[in-house]
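# Architecture and fold: a report
Each chain, letter by letter, is given below.
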Amino acid sequence: MQAKITALGTYVPERIVDNHYFESIVETNDEWIISRTGIRTRHFAAENEYTSHLCAGAAKSLVEENNVTLDDVDFVVVATVTPDQTMPSVATQVQDKLGLTHAGAIDISAACAGFAYGIILAQGLIAAGTHRKVLVFGAETLTKFTNYEDRSSCVLFGDGAGAVLLEAAPKGNILAAVTGSQGDGGKDLYLSNLRKQINGQDVITDNKIHQNGRAVFKWAVNTVTEQMSVLAERSRMKLQDIDWFVPHSANMRIIEALCNQSGFPLEKTLESISIYGNTSSASIPLALHRGLREGKVKKGDRLLMIGFGGGLVYAGLVVEWGNP
Ligand code: UT7
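Residues numbered from 1 in each chain as written. Predicted model: local features only at pLDDT ≥ 70, side-chain atom pairs only at ≥ 80, totals over all residues. Heavy atoms only, no water.

In this section: helix H9 (residues 283–293). Counted residue by residue, H9 has nine buried out of 11 residues, so it is predominantly covered. Every buried residue of H9 is listed here: Ser283, Ile284, Pro285, Leu286, Ala287, Leu288, His289, Arg290 and Gly291. Following H9 by one or two positions, Gly295 has its phi on the positive side, about 75 degrees. (Buried < 20%, exposed > 50% of the residue type's maximum accessible area, 1.4 Å probe, protein only. Helix = DSSP H or I, 4+ residues; strand = E, 2+ residues; numbered from the N terminus.)

Set out below in structure tokens:
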């Protein structure tokens, strides 16, 4: 059997925060944020709203919008770097909330590449024949781990969740995958509350996100441009055959740079950065859901998705969109 992505759902918390909000917290302004990042608004989770709650919201959307049932889901993967707590996993809390009596459950940590990693793992479980119906979430409450004294990062992040259902089918719809990592860049994007060093360098252990924006920007553009070609080749296509490019929404300028370098048309990209900010593992499903809602993505369209981020780590997929 092969793995087929059959449904998608998303959820964002109610509270919308615009750029002006940050003007009273740090020295910044709406114009800088829009021109340097493309972000106009983002959503903040409520004080008592955690990543597992966002996952439950995404699962509800998936069920309601796709006419599917979760009754016989046998595995749950939650990709997140902002879990409710370290133990128990978010996935077990989601399993409980959704009443998935017979499901295995794990969290995975691959930052903004987590959603693509989760799908690749789920695909492997289904191809191995051990599982038949897997729910994969990319979900974050980044605003709970944001350093509101750092103007270069606090304006970036938002909260949200996305979920896909993968099912065993005679013919799957995942045409190619790629994964990679570069651990020597770990110090450039981190969230640490214990160990005081990364890559032999001192880091701040305040349980907040810290980023060397310029270093990550440069790495992301070079790496993702290269991996776009690898993915096209592995799916025996040319980049021109891809209908929609769905990169991780970290910064609109990164997306523009990727299009410039690869020659892929910007108008055929899907983004979630402008209205949701950088939502890490949730950004790709949020962008895709927007594309579906706006009637851009059609059945049979070929999507090239690539996540990249803290680790440093990346993962990408080419998917022939099915029937959600
Ligand atoms: O999601 C995981 C992967 N993450 C990424 O891919 C993020 C990649 N990096 C980025 O998106 C960008 O590097 C940032 C958005 C984080 C920063 O943008 P930048 O254009 O690289 O800015 P910069 O760090 O080079 O800073 C340029 C200037 C600096 O001022 P000086 O030193 O030139 O006087 C900053 O202090 O902009 C200043 N600055 C700000 N000014 C107003 C930084 N943040 C702000 C701000 N408002 N919020």
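After that view, the rundown keeps rolling.
On to the site of the ligand, then. Every one of the 23 residues lining the ligand counts as a neighbour, but Thr28, Arg36, Arg214, Arg253 and Asn278 are closest to it. Arg214 is positioned with one of its side-chain polar atoms (N or O) 2.4 Å from an oxygen atom of the ligand. Within the complex, the protein chains bury 76% of what would otherwise be the 950 Å² of accessible surface of the ligand. Secondary structure elements with two or more residues in the shell around the ligand: helix H1 (30–37), helix H5 (151–154), helix H6 (213–234) and helix H7 (252–262). Among the elements that take part in the shell around the ligand, H6 stands out by supplying four residues, more than any other. (Near = heavy atom within 4 Å. Polar contact = N/O pair within 3.5 Å; in protein donor to acceptor, adjacent residues only side chain to side chain. Areas by Shrake-Rupley, 256 points an atom, 1.4 Å probe, with all protein chains shown as cover.)

Turning our attention to the packing of H6 against H7. Packing of H6 against H7 leaves a shortest axis separation of 9 Å and a crossing angle of 45 degrees. The orientation of H6 with respect to H7, classified from their angle, is oblique. As H6 runs across H7, the sense of the crossing is right-handed. Here H6 contributes Phe217, Ala220, Val221, Asn222, Val224, Thr225 and Met228 to the contact with H7, which in turn contributes Arg253, Ile254, Ala257, Leu258, Gln261 and Ser262. Considering only residue class, the contact of H6 with H7 consists of eight nonpolar, four polar and one charged. (Axes fitted to C-alpha atoms, helices over the stretch in contact; angles between N-to-C directions. Parallel < 35°, antiparallel > 145°, perpendicular 65-115°, else oblique. Left-handed = near helix turned anticlockwise from the far one by under 90°. Contact = heavy atoms within 4.5 Å. Nonpolar A, V, L, I, M, F, W, Y, C, P; charged D, E, K, R; others polar.)

Moving on, we come to the packing of aromatic side chains. Aromatic ring pairs: the centre-centre distance and the angle between the two ring planes describe each pair. Per the counting criterion, the structure on display carries four aromatic pairs. Judged by centre distance (5.9 Å) and plane angle (80 degrees), the rings of Tyr21 and Phe44 are edge-to-face. Placement of Tyr21 in the loop between strand E2 (15–18) and H1 and of Phe44 in strand E3 (residues 41–44) is noted, with a sequence separation of 23 residues between them. Residue classification places Phe44 among the buried residues on the basis of a relative accessible area of 7%. When the centroid spacing of 6.4 Å and the interplanar angle of 45 degrees are considered together, the rings of Phe44 and Tyr148 count as tilted. Taken together, the positions of Phe44 in strand E3 and Tyr148 in the loop between strand E6 (133–141) and H5 put the pair 104 residues apart, joining distant regions of the chain. Here Tyr148 falls in the partly exposed class, since its relative accessible area comes to 25%. Through a chain of ring-to-ring contacts, the aromatic side chains of Tyr21, Phe22, Phe44 and Tyr148 assemble into a single cluster. Cation over ring: Lys144 sits above Tyr50, and NZ or CZ is 4.7 Å from the ring centre. (Phe/Tyr/Trp six-rings, centres within 6.5 Å; stacked < 30°, edge-to-face > 60°. Lys NZ or Arg CZ within 6 Å of the ring centre and 35° of its normal.)

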